[in-house]
Amino acid sequence: MSSHPSSSDPSGAASSAFHRLHPQVRRWVWTQGWKELRGIQEAAIVPILKGTQDVILSASTASGKTEAAFLPICSRLAEDAGGSVRAIYVGPLKALINDQFERLDGLCEGLHIPVHRWHGDVSQGHKARLLQSPAGILLITPESLEALFIRQGSALAGLFSGLEHIVIDELHAFIGTERGCQLQSLLHRVELSLRRTVPRVGLSATLGDMSLAAEFLRPGAGAKVRLCNSDSGGGELLLQLRGYRKRAPDMRTEEDEEPSDDLPEDEHDVGAHLFKTLRGTHNLVFANSRANVELYADLLRRMCEDARLPNEFFPHHGNLSKELREEAEAALKAKQRPVSLVCTTTLEMGIDVGSVQSIAQVGVPPSVSSLRQRLGRSGRKGGPSVLRLYLQEAELTKTSPLSDQLRVRLVQSVAMLELLLTNWFEPPASGAFHFSTLVQQLLSLIAQHGGVKAGEAFLALCHEGPFARVSREDFVRFLRGLGQRELLSQSSDGTLLLGRVGERLVNHYSFYAAFASVEEFRLVAGGRTLGTMPIDQPLFVGTYLIFGGRRWRVLAVQGDEKVVELEPAPAGRVPVFEPTGVGRVHDRVREQMRAIYAGDGLPRYLDARALELLAEARATFQRWRLNERSIVASGMEVHVFPWAGDAVVHTLALALQARGLSVQTLGPVLSVAGQQADVEGALRALVAEGPPRAESLTRHVVNMALEKHDGFVPEDLLARDYAARYLDAEGAWRVARQVLQ
DNA sequence: GACCTGCTGCGGCCTG
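Residues numbered from 1 in each chain as written. Chains lettered and ligands numbered in written order. Predicted model: local features only at pLDDT ≥ 70, side-chain atom pairs only at ≥ 80, totals over all residues. Heavy atoms only, no water.

Engineer: Could you clarify how one ought to interpret a negative patch on the surface in this entry?
Structural biologist: A contiguous patch of negative charge on the surface is contributed by Asp-99, Glu-102, Asp-105 and Glu-109. On the secondary structure map, Asp-99 appears in helix α4 (residues 94–109). (Patch = residues over 30% accessible without salt bridge, like charges linked within 9 Å, V, L, I, M, F, W, Y side chains within 5 Å. Areas by Shrake-Rupley, 256 points an atom, 1.4 Å probe, with all protein chains shown as cover. Salt bridge = Lys/Arg side-chain N within 4 Å of Asp/Glu carboxyl O. Lys, Arg positive; Asp, Glu negative; His and termini not counted. Charge placed at Lys NZ, Arg CZ, Asp CG, Glu CD. Helix = DSSP H or I, 4+ residues; strand = E, 2+ residues; numbered from the N terminus.)

Engineer: Sorry if this is basic, but what is going on with the side chain of Arg-218 here?
Structural biologist: Relative to the helices and strands, Arg-218 is located in the loop between α9 (210–217) and β7 (226–230). Classification of Arg-218 by relative accessible area gives buried; the value is 11%. A distance of 3.0 Å separates a polar atom in the side chain of Arg-218 from a polar atom in the side chain of Glu-191. For Arg-218, the side chain forms a polar contact with the main-chain oxygen of Val-198, separated by 3.0 Å. Once residues within four sequence positions are removed from consideration, Arg-218 is found in contact with Asp-54, Glu-191, Thr-197, Val-198, Pro-199, Arg-200 and Val-225. (Buried < 20%, exposed > 50% of the residue type's maximum accessible area, 1.4 Å probe, protein only. Polar contact = N/O pair within 3.5 Å; in protein donor to acceptor, adjacent residues only side chain to side chain. Contact = heavy atoms within 4.5 Å.)

Engineer: Would you take a moment to explain the nonpolar core for this structure?
Structural biologist: Membership of the largest hydrophobic core comes to 69 residues, with the highest contact counts inside it found for Leu-438, Leu-442, Leu-443, Phe-475, Phe-478, Leu-652 and Leu-683. Setting aside anything within four residues of it in sequence, one finds Leu-442 in contact with Ala-457, Leu-461, Phe-475, Phe-478, Leu-479, Leu-482 and Leu-488. Judged by nonpolar contacts, the second largest core, of 52 residues, contains Phe-286, Val-339, Cys-343 and Trp-624. (Core = buried A, V, L, I, M, F, W, Y, C linked by side-chain atoms within 4.5 Å.)

Engineer: Help me understand the protein's contact with DNA strand B in this model?
Structural biologist: Around DNA strand B lies a shell of 33 residues, among which Lys-94, Ser-144, Gly-318, Arg-325 and Tyr-509 are the nearest. The sugar-phosphate backbone supplies 60% of the atoms of DNA strand B found within 4 Å of the protein. In the environment of DNA strand B, a phosphate oxygen lies 2.8 Å from a nitrogen or oxygen atom belonging to the backbone of Arg-290. At 2.4 Å from a phosphate oxygen of DNA strand B is found a main-chain nitrogen or oxygen belonging to Gly-318. Elements with a contribution of two residues or more to the surface near DNA strand B: α5 (124–132) and α6 (142–151). The greatest single-element share of the surface near DNA strand B, amounting to four residues, is contributed by α6. (Near = heavy atom within 4 Å.)

Engineer: What am I meant to see in helix α20 (residues 587–598) here?
Structural biologist: One full turn of an α-helix is made of 3.6 residues, so residues set three or four places apart face in the same direction. With 12 residues, α20 should reach 16 Å at 1.5 Å per residue; the first-to-last C-alpha distance of 17 Å fits that figure. Residues of α20 that are buried: Val-589, Arg-590, Met-593, Ile-596 and Tyr-597. One side of α20 holds all its buried residues, which, seen down the axis, span an arc of 115 degrees. Those residues of α20 hidden inside the fold are in contact with α13 (368–375), α15 (408–421), α21 (608–623) and α22 (646–658). (Expected span 1.5 Å × (residues − 1). Arc of directions from axis to C-beta.)

Engineer: For this particular structure, what's the right way to read the sheet that holds strand β20 (residues 550–558)?
Structural biologist: Across a sheet, paired strands are connected by hydrogen bonds in the backbone, their directions being either parallel or antiparallel. Strand order in this open sheet of five strands is β18-β17-β21-β20-β19, and the pairing throughout is mixed. Among the strands making up the open sheet, the edge pair consists of β18 (528–534) and β19 (544–547). When the angles between neighbouring strand axes are averaged without regard to direction, this sheet yields 40 degrees. Judged from the four bridges that link them, β19 and β20 form a sheet pairing that is antiparallel. Looking across to β20, one finds that Phe-547 is bridged to Arg-550. (Pairing = 2+ DSSP bridges. Axes fitted to C-alpha atoms, helices over the stretch in contact; angles between N-to-C directions.)

Engineer: What is the right way to look at the packing of aromatic side chains in this model?
Structural biologist: Tallying each qualifying case throughout the model produces 14 aromatic pairs. With a centroid separation of 5.6 Å and an interplanar angle of 5 degrees, the aromatic rings of Phe-433 and Phe-435 are classed as stacked. Summarising the burial analysis for this pair, Phe-433 and Phe-435 share the class buried. With a centroid separation of 5.2 Å and 5 degrees between ring planes, the pair formed by Tyr-597 and Phe-621 is classed as stacked. Residue Tyr-597 is located in helix α20, and its partner Phe-621 is located in helix α21; the two are separated by 24 residues in the primary sequence. According to the relative accessible area criterion, Tyr-597 is buried, its value standing at 1%. Looking at Phe-621, the relative accessible area reads 2%, which means it is buried. Through pairs of rings, three or more aromatic residues link up here, namely Phe-433, Phe-435, Phe-458, Phe-475 and Phe-478. Between the NZ or CZ atom of Arg-117 and the centre of the ring of Phe-101, over which it lies, the distance is 4.3 Å. Here the basic side chain of Arg-372 rests over the ring of Phe-425, its NZ or CZ set 3.7 Å away from the ring centre. (Phe/Tyr/Trp six-rings, centres within 6.5 Å; stacked < 30°, edge-to-face > 60°. Lys NZ or Arg CZ within 6 Å of the ring centre and 35° of its normal.)

Engineer: I keep staring at the pattern of salt bridges and nothing clicks. Help me out?
Structural biologist: Opposite charge on two side chains makes pairing possible when the charged atoms of those side chains draw close. For the coordinates displayed, the defined rule picks out 38 salt bridges. Ionic pairing is found between Arg-374 and Glu-348, a salt bridge with its closest N-O pair at 2.7 Å. Here Glu-348 lies in the loop between β11 (340–343) and β12 (358–362) and Arg-374 lies in helix α13, a separation of 26 residues in the sequence. Across this residue pair, the class does not change: Arg-374 and Glu-348 are buried. Of the charged contacts, one joins Glu-707 and Arg-725 as a salt bridge, the two residues approaching to 3.6 Å between their closest N and O atoms. A residue pair is termed long-range when its members are at least 10 positions apart, and Glu-707 in the loop between α24 (694–697) and α25 (715–726) and Arg-725 in helix α25 qualify at 18 residues.

Engineer: Teacher, can you tell me more about the confidence of the model for chain A here?
Structural biologist: Regions with low pLDDT carry predicted coordinates that are not meant to be interpreted in detail. With 92% of its residues at a pLDDT of 70 or more, chain A has an overall mean of 89. Low pLDDT, under 50, characterises residues 1–8; the stretch is placed with eight contacts to residues that sit more than four places away or in other chains. The low-confidence segment residues 251–259, where pLDDT is below 50, has 14 contacts with residues more than four positions distant or belonging to other chains. (pLDDT = per-residue confidence, 0-100.)

Engineer: How should I be thinking about the pairing of strand β10 (residues 313–316) in this particular structure?
Structural biologist: Regular strands place their side chains on alternate faces of the sheet. Two elements, β10 and β11, share four bridges in a ladder whose sense is parallel. Counted as the bridge partner of Phe-314 is Leu-341 from β11. Handedness of the crossover joining β10 and β11 through helix α12 (residues 322–334) is recorded here as right-handed. (Right-handed = clockwise from strand over helix to strand, strands pointing away.)

Engineer: It is not clear to me how the packing of helix α3 (residues 65–77) against α4 should be interpreted in this structure. Could you clarify?
Structural biologist: Geometrically, a packed helix pair is captured by the angle between its two axes and the distance between the axes. Contact geometry for α3 and α4: axes closest at 11 Å, N-to-C directions at 35 degrees. By crossing handedness, the relation of α3 to α4 is classed as right-handed. Where α3 approaches α4, its residues Thr-66, Glu-67, Phe-70, Leu-71 and Cys-74 are matched on the opposing element by Gln-100, Arg-103, Leu-104, Leu-107 and Cys-108. Per-class residue counts for the contact of α3 with α4 are six nonpolar, two polar and two charged. (Left-handed = near helix turned anticlockwise from the far one by under 90°. Nonpolar A, V, L, I, M, F, W, Y, C, P; charged D, E, K, R; others polar.)

Engineer: Explain helix α26 (residues 729–740) here, please?
Structural biologist: When the terminal C-alpha atoms of α26 are compared, their 17 Å separation across 12 residues agrees well with the 16 Å that a helix rising 1.5 Å per residue should span. The complete set of buried residues in α26 reads Ala-729, Gly-731, Ala-732, Trp-733, Val-735, Ala-736 and Val-739. Tucked inside the fold, the buried residues of α26 contact β22 (631–634), β23 (637–640), α22 and α23 (676–689). Looking at where α26 begins, the residue whose side-chain oxygen comes 2.8 Å from the main-chain nitrogen of Gly-731 is Asp-728.

Engineer: How should the packing of α15 against α20 be read in this particular structure?
Structural biologist: One way to put it is that α15 packs onto α20 with a least axis distance of 8 Å and a crossing angle of 110 degrees. With respect to their mutual orientation, α15 and α20 come out roughly perpendicular. Mapping the contact onto sequence places Val-408, Val-411, Gln-412, Val-414, Ala-415, Met-416, Glu-418 and Leu-419 in α15 and Arg-588, Val-589, Gln-592, Met-593, Ile-596 and Tyr-597 in α20. For the contact of α15 with α20, the class distribution of residues is 10 nonpolar, two polar and two charged. (Parallel < 35°, antiparallel > 145°, perpendicular 65-115°, else oblique.)

Engineer: Just to check I follow, could you spell out unusual backbone geometry for this structure?
Structural biologist: The phi torsion of most residues other than glycine is negative, and most of the peptide bonds are trans. Positive phi, close to 60 degrees, is recorded for Arg-195, a residue that is not glycine. Mapped onto the secondary structure, Arg-195 falls in the loop between α8 (178–194) and β6 (200–204). For Arg-195, a relative accessible area of 79% translates into the label exposed. Positive phi, close to 70 degrees, is recorded for Asn-423, a residue that is not glycine. Tracing the sequence through the fold places Asn-423 in the loop between α15 and α16 (435–449). Asn-423 gets classed as exposed once you look at its relative accessible area, which sits at 56%.

Written out as structure tokens, the structure reads:
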């Protein structure tokens, strides 16, 4: 609390609400040695003590949001915390629940409020004890809450009968996702079983438009949610974007089968700068993909070895074993020796690793909002935040694609930094129908009650529930589709029951999660599990591998047990992980890119090489006269520049394909095979017809079934969900008109 | 051009 102006005790003039906390809670605050409550903690007291209001507490990481919620909640429970579970805390990670359990236990011990953990790693004994004498606070994951509905359906109302508070941690991580939709449905079903609403508290990072978060927290009544915001405000930011030239593919030596010890020079150059700048301190290096995390972790470790230093660089990603990840986190947090973690999005949120000296981002950031989240990890002790961005662009040749000539990666990164500096970032996704999760919630509802009437299910899930965008008509079609696929059956009185396939789904534990997962091999070296890899990897005895930032050779593969045994090796190869969905660039980013191409400003955070690359990008833009036109012909191809986000680009591509044209998209550019007149004709026809119906555009989409249960959803409903998520018909129509001008 | 998250019940074996 050193960054706060000190006062003698937390009951100072600024802390008037402090007196309203229970005496025992105030005593706990004093014993913590806190000089005063933080802004968010102060602001939360009155609305939460009221016990009737939904509240969002938004503040940066490590600002004491959990205490902000639980000081008043524990005050309310201090005299009597028994009879049933009285407060539920839902967290997205088991590790986070374990953290909060430790912290809450100290506060609750003196108040005689029992605190229970419930997730996959908690013993059945503990769970049985809570079911027997429910009381106090329950910390749980959405999946375990789902399991409670299915396994303890009839006991649920009793278990939660006296429930007064629901707290959702990391609210922003749930918004717009299947998992978030599942959580909304579960909370709604808790309230249905109690026949009353239970006030909700959402803990969130600061989001630009908090009304979206409020509407997520309380669907249908977001306007009534009380917002408590304590934005510490942006401190000083030290920024650098470093450009690198990468040899073009045809100038590179062919990769042979034997793994070579040499990395392409550009990776070496980036690695050398990382090593030189980061060694001796504590940092996070975001490398975008698990493969790149392995590549740079291995490279930096070898640089330490070459310099005869103990290793300071450790990888961190979702396929590494819990053990290796926790070791890396602990080493960084302990600050006893210099440690930098090379990571994916795993370290964007949740686990507390303390503050670090600087953030490095290798490659284009996935979005402005993730860049902002990553930046929040640095410079917390009042010092400046430091961000270094490393960007590689291909050396140009006669056959370089237009996107290389335009230095799209560099310009997109500059655009994102400019938007970050103006404090803009992408809002969370909205508008999807989430039919996949509707499949799950319907089956779960049937399992909970043993059977439901179609009308009741519609009321519970759609009409008053989180699937409000699904009409009665669509719901009937949806049910019919599930019946055909044997997920549902119907008894003679019309009650919906689980069908043959539905029964099988619900009875397997994998049903509790709203998201799908693939089977993977376990990698073991010397009896120690290093992590997992997808099973479709061609792995043979003798194959070289880089994993956990080290080099290995496959010693044995045990197909039955899905175990791969490894031994240390001098050489290695970065594994290919299963690629998943596609990135989505926002309209604002592409608009900003155009402004950068057309402008002549030279951002001060660019290094000499990045300035060169920017000059090349602008030269290409001018040579093609892209300031005055958006369609250019080149050889056998026509390039269209919508200067809009991926949803619009994707929609335009499908609309042109529907008119028989062959289209390829490369970042911001649509490349069409054929004559300019054909493309313009197709666009003119598109404009004349008005905004296209998104469902008809999806005819050319190869695979729309992207979510877990999409395979069971009737085709036309799936098309509508896909269009709502990934397409922008209105935007594409508007842009088509502009492009033709 | 991607990333992350989560999970029950039960049978079988071992140890104290």
